[in-house]
Amino acid sequence: MELLVAGLSWILIVGGVVFLIGGAIGVNRMPDVFTRQHAGGMTDTAGAGLMVLGMMLQTGFSLNTLRLLIVIIFVLFTSPIATHATCRAALEGGLVPVRRKEDGTWTS
């Protein structure tokens with residue numbers, strides 16, 4: 001049973017790392033702040049959530065599990081709010097989302 005829990009926790013942790021690496025690549029490849037925020041915010045929440053769930057399985061039922069639960073709740077609330085606030089500030093600051101033209105180039 002311990003081997004099953006350890007395997008499942010490592011699958012969750014590695015899955016979280018894959019999400020975070022994908023988000024980092026997405027942030028570097030996207031053309032403007034709005035799409036970068038989307039790539040970073042979505043993968044940050046999913047990646048951190050999967051990693052914390054994996055760590056919760058590793059610790060078993062203890063006080064550390066409760067602490068990790070508080071961390072995941074904090075991340076699930078603050079990451080989308082921070083992403084929304086940043087994009088809203090960019091819009092109010094006058095930034096225009098970039099659009100792709102028919103020929104494949106980007107324009108404001």
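Provided above is the structure to which this section pertains.
Since we're looking at a predicted model, the values are computed, not measured. Numbering of residues starts from 1 in every chain and runs along the sequence as written. Residue-level local features of this predicted model are given only where pLDDT is at least 70; pairs of side-chain atoms are given and counted only at 80 or more, and the full residue set underlies all totals for whole chains, interfaces and linings. Where side-chain values are given, they derive from all heavy atoms of the structure, hydrogens and water being excluded.

1. Considering the overall build of the chain
Part 1 of the argument: If you tally the helices and strands in the chain, you get 3 helices and 2 strands.
Part 2 of the argument: Mapped from its N terminus to its C terminus, the chain presents α and β elements in the order α-α-α-β-β.
Part 3 of the argument: For 108 residues, the compact-globule formula gives about 13 Å, and the C-alpha radius of gyration of the chain, at 18 Å, lies well above that figure.
Part 4 of the argument: Using a 1.4 Å probe on the protein chains alone, a residue whose accessible area is under 20% of its type maximum counts as buried, one over 50% counts as exposed, and one in between counts as partly exposed. Counting across all 108 residues of the chain, residues that qualify as buried make up 24%.
Part 5 of the argument: Sequence-distant contacts, at least 24 apart, represent 63% of the contacts inside the chain between residues at least 6 apart.
Part 6 of the argument: In the chain, the 7 positive side-chain charges and the 6 negative ones have mean positions that sit 4 Å from each other. By definition, any uninterrupted DSSP run of H or I lasting at least four residues is a helix, any uninterrupted run of E lasting at least two residues is a strand, and each is numbered from the N terminus. All radius of gyration figures rest on C-alpha atoms, and the globule criterion is 2.2 Å times the number of residues raised to 0.38. The contact criterion used throughout is that any non-hydrogen atoms of two residues lie within 4.5 Å. In summary, the charge assignment counts Lys and Arg as positive and Asp and Glu as negative, without counting His or the chain termini. In plain terms, the charge of a residue is placed at NZ if it is Lys, CZ if Arg, CG if Asp and CD if Glu.

2. A few points about a nonpolar patch on the surface
Part 1 of the argument: Patches here: salt-bridge-free residues with over 30% relative accessible area, like charges joined within 9 Å, nonpolar side chains (Val, Leu, Ile, Met, Phe, Trp, Tyr) joined within 5 Å. In this description, accessible areas are obtained by the Shrake-Rupley approach with a 1.4 Å probe, and a residue is regarded as covered only by the protein chains that are shown. A side-chain nitrogen of Lys or Arg and a carboxyl oxygen of Asp or Glu constitute a salt bridge if their distance falls within 4 Å. Together, L63, L66, L69, I70, I73, F77 and I81 line one region of the surface with nonpolar side chains, adding up to about 700 Å² of accessible area.
Part 2 of the argument: By relative accessible area, F77 is classed as exposed at 56%.

3. Some thoughts on the environment of C87
Part 1 of the argument: Looking at the secondary structure, you find C87 in helix α3 (residues 63–92).
Part 2 of the argument: The exposure class assigned to C87 is buried, which follows from its relative accessible area of 16%.
Part 3 of the argument: With 53 residues separating them in the primary sequence, C87 and F34 have C-alpha atoms 6.0 Å apart.
Part 4 of the argument: Sequence-distant contacts of C87, defined by excluding residues within four places in its chain, comprise F34 and Q37.

4. Focus on helix α1 (residues 2–29)
Part 1 of the argument: Counted at 1.5 Å a residue, the expected span for α1 with its 28 residues is 40 Å, and the 41 Å between its end C-alpha atoms agrees.
Part 2 of the argument: Along α1, the residues that are buried comprise S9, L12, I13, G16, G23 and G26.
Part 3 of the argument: Structurally, α1 contributes buried residues whose contacts are with α2 (33–59). To estimate the expected span of a helix, subtract one from its residue number and multiply by 1.5 Å.

5. Overview of the side chain of T43
Part 1 of the argument: Note that T43 resides in helix α2.
Part 2 of the argument: Side-chain atoms alone can form a polar contact between residues adjacent in sequence; in general such a contact is a pair of N or O atoms within 3.5 Å, and within protein one must be able to donate a hydrogen while the other accepts it. Among the polar contacts made by the side chain of T43, one reaches the main-chain carbonyl oxygen of A39 at a distance of 2.6 Å.
Part 3 of the argument: Residue contacts for T43: discarding those within four places in its chain leaves F19, L20, G23 and A48.

6. Section: the environment of T86
Part 1 of the argument: Looking at where T86 falls in the secondary structure, it is placed in helix α3.
Part 2 of the argument: Owing to a relative accessible area of 35%, T86 belongs among the partly exposed residues under this scheme.
Part 3 of the argument: Along the backbone, T86 and A46 are 40 residues apart, and their C-alpha atoms lie at a distance of 19 Å.

7. A closer look at α2
Quick reminder: α-helices carry 3.6 residues per turn. Residues three or four places apart thus point the same way.
Part 1 of the argument: The end-to-end C-alpha distance of α2, which contains 27 residues, comes to 38 Å, matching closely the 39 Å that a straight helix rising 1.5 Å per residue would cover.
Part 2 of the argument: Looking only at α2, the buried set comprises F34, A39, G40, G41, T43, T45, G47, A48, G49, V52, G54 and M56.

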